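Single-letter residue listing:
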Amino acid sequence: MTYSLQCSRTVEAVWDSLPQPVSGRLAAALARACDDPMGETQPWGVDDGVTRMLVLSDVFAVLYLEHSAKVLHIYQIDYLG
């Protein structure tokens, strides 16, 4: 089942500030993560099954998976470029 995506206005502002090619790649990767959150992400720290990272070559996002509500929360986006 597909998860919905949520983030704060602050995280949304960071996402909006990314260069267009990076923002597009992040959006595509997040869409895939909404369809398969465990398969498209990796553990962040201890593998608790809920705190995950989405890692691309020049950007990564820290995510929280709320499995019961099927929500993927973006807590942080870091651009490495």
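For the structure itself, consult the block above.
Attention in this report is confined to the structure presented alongside it. This one's a predicted model, so the numbers in the text were calculated from it and none came from an experiment. (Residues numbered from 1 in each chain as written. Predicted model: local features only at pLDDT ≥ 70, side-chain atom pairs only at ≥ 80, totals over all residues. Heavy atoms only, no water.)

Assigned secondary structure in the protein consists of three helices and five strands. Counting helices and strands in the order they occur from the N terminus, the protein gives β-α-α-α-β-β-β-β. For 81 residues, the compact-globule formula gives about 12 Å, and the C-alpha radius of gyration of the protein, at 12 Å, lands near that figure. Contacts in the protein between residues far apart in sequence, at least 24 positions, make up 44% of those at least 6 positions apart. (Helix = DSSP H or I, 4+ residues; strand = E, 2+ residues; numbered from the N terminus. Rg over C-alpha atoms; globule rule 2.2 N^0.38 Å. Contact = heavy atoms within 4.5 Å.)

A few words now on the environment of Leu 5. Inspection of the secondary structure puts Leu 5 in strand E1 (residues 4–7). When the C-alpha positions of Leu 5 and Phe 60 are compared, they lie 16 Å apart, and in sequence the two are 55 residues distant. In this structure, Leu 5 is in contact with Trp 15, Leu 30, Cys 34, Leu 72 and Ile 74, ignoring residues within four places of it in sequence.

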